[in-house]
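Okay, here's what each chain looks like letter by letter:
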Amino acid sequence: MSTEALLSVSNLTASVDEKTILHGVDLSVRAGETHVLMGPNGAGKSTMGHVIMGDPVYTVNEGTIAFDGADITELSCDKRSRAGLFLSFQAPVEIPGVPLSSFLRASIAGRPGLEMRGKEFRRRVKELAAQLDMDTAYLNRELGVGFSGGEKKKVEMLQLLLLQPKLAILDETDSGLDVDALSVVSRGMDAYRASCDGSLIIITHNTRILEHLSVDRVHVMVGGRIVREDDASLIPWIDEHGFESFEREAADAAEAR
Ligand SMILES: Nc1ncnc2c1ncn2[C@@H]1O[C@H](COP(=O)(O)OP(=O)(O)O)[C@@H](O)[C@H]1O
Ligand SMILES: [Mg+2]
């Protein structure tokens, strides 16, 4: 593991419609590490994921985002994706008429290191589908149309394993994963880490997803600020106590400002 950070977010302040949501956030992830971002509803966790990915809805007012040795603060979402960043889409799109396999094929097109011939692509996708216990019949189905929550997760994990990004941000907060989908995500994350020593930022309320995963760092966000950072021992503590004490401290700090 290198000592250089793969992702380094410094003093990040970001807003939408003149409303500041992130207030001077620092977060640093090294290659191969798994981080968890937790916090109550509305804390700014999903916003953080979107801003790192370059979602143009948000404005960066201050601070920088460095990734793999380059300042990416001003880069388009597409360029960040090509640089090796991946953000799971909480509500995967439905594209009637486009089979899943075509969508996957398009998502790797033109990416260095991922060029494959049709035959190789089909073999690879089949292999990954099997790894995720996914019926290969899905590959010919229209993207997203009529997919259950668990099936959508399988598609997302399949894309993750195909793309092998250097850093994947998985935002699971609002998706209400059932047991089936949970196990898909766990399996996908394990396979991803094993296959390419990828880094992860998992945004979640659901500590069950973390049960079988070794976590390096936990970040707690309240009111658009990181209020606590610790090792994995913080997860069972949050399980038991929730975010109330962090919210109280944050309210006191806000009053003092
Ligand atoms: N695109 C947006 N437009 C307006 N408000 C937004 C937008 N995205 C996030 N917010 C606001 O920012 C705050 C943080 O939201 P979010 O990042 O979704 O929190 P979390 O994921 O922690 O629940 C909320 O008050 C939310 O309403
Ligand atoms: Mg969210």
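The structure this text deals with has already been given above.
Everything in this summary refers to the structure shown in the same document. All values reported here derive from a predicted model rather than from experimental measurement.

1. Side note on the environment of His205
Part 1 of the reasoning: Its location among the elements puts His205 in the loop between strand 10 (199–203) and strand 11 (217–222).
Part 2 of the reasoning: Along the sequence, His205 and Thr59 sit 146 residues apart, while their C-alpha atoms lie 26 Å from each other.

2. With respect to the site of ligand 1
Part 1 of the reasoning: As a matter of local geometry, ligand 1 sits amid 13 residues, with Gly42, Lys45, Ser46, Thr47 and Tyr58 nearest to it.
Part 2 of the reasoning: In the model, an oxygen atom of ligand 1 is placed 2.7 Å from a nitrogen or oxygen of the Gly42 main chain.
Part 3 of the reasoning: A distance of 3.0 Å separates an oxygen atom of ligand 1 from a polar atom in the backbone of Gly44.
Part 4 of the reasoning: Out of a free accessible area of 560 Å², ligand 1 has 66% covered by protein chains.
Part 5 of the reasoning: Secondary-structure elements contributing two or more residues to the shell around ligand 1 are strand 2 (19–30) and helix 1 (45–53).
Part 6 of the reasoning: In terms of residue count, the dominant contributor to the shell around ligand 1 is helix 1 (3 residues).
Part 7 of the reasoning: For the shell around ligand 1, a count of residues per class yields 6 nonpolar, 5 polar and 2 charged.

3. Overview of the packing of helix 4 (residues 118–131) against helix 5 (residues 149–163)
Part 1 of the reasoning: The interhelical angle for the contact between helix 4 and helix 5, taken along N-to-C directions, is 130°, at an axis separation of 10 Å. One finds that helix 4 runs oblique with respect to helix 5. Here helix 4 and helix 5 pass one another in a crossing that is right-handed. Contact residues: Phe121, Arg124, Val125, Leu128 and Ala129 in helix 4; Leu158, Leu161 and Leu162 in helix 5.

4. Some points on the pattern of salt bridges
Part 1 of the reasoning: Under the defined criterion, the tally for this structure stands at 9 salt bridges.
Part 2 of the reasoning: Residue Glu127 pairs with Arg124 through a salt bridge whose shortest N-O separation is 3.1 Å. Taken together, the residues Glu127 and Arg124, both in helix 4 and 3 residues apart, mark about one turn of the helix.
Part 3 of the reasoning: Since its relative accessible area comes to 40%, Glu127 is described here as partly exposed.
Part 4 of the reasoning: Where salt bridges share partners, they join Arg123, Arg124 and Glu127 into one cluster.

5. Thoughts on the pairing of strand 3 (residues 34–38)
Part 1 of the reasoning: Of all 5 residues in strand 3, 5 are buried, a share of seventy percent or more.
Part 2 of the reasoning: Side chains Thr34, Val36 and Met38 of strand 3 all project onto a buried face; the interleaved residues His35 and Leu37 project onto the opposite face, where all are buried too.
Part 3 of the reasoning: Where strand 3 meets strand 10, 4 bridges bridge the pair, whose relative direction is parallel. Its bridge partner lying in strand 10, Val36 is registered against Ile202.
Part 4 of the reasoning: Judged from the 4 bridges that link them, strand 3 and strand 11 form a sheet pairing that is parallel. Following the sheet pairing, Met38 is matched in strand 11 by Val220.

Cut-offs applied
Residues numbered from 1 in each chain as written. Chains lettered and ligands numbered in written order. Predicted model: local features only at pLDDT ≥ 70, side-chain atom pairs only at ≥ 80, totals over all residues. Heavy atoms only, no water. Helix = DSSP H or I, 4+ residues; strand = E, 2+ residues; numbered from the N terminus. Near = heavy atom within 4 Å. Polar contact = N/O pair within 3.5 Å; in protein donor to acceptor, adjacent residues only side chain to side chain. Areas by Shrake-Rupley, 256 points an atom, 1.4 Å probe, with all protein chains shown as cover. Nonpolar A, V, L, I, M, F, W, Y, C, P; charged D, E, K, R; others polar. Axes fitted to C-alpha atoms, helices over the stretch in contact; angles between N-to-C directions. Parallel < 35°, antiparallel > 145°, perpendicular 65-115°, else oblique. Left-handed = near helix turned anticlockwise from the far one by under 90°. Contact = heavy atoms within 4.5 Å. Salt bridge = Lys/Arg side-chain N within 4 Å of Asp/Glu carboxyl O. Buried < 20%, exposed > 50% of the residue type's maximum accessible area, 1.4 Å probe, protein only. Pairing = 2+ DSSP bridges.

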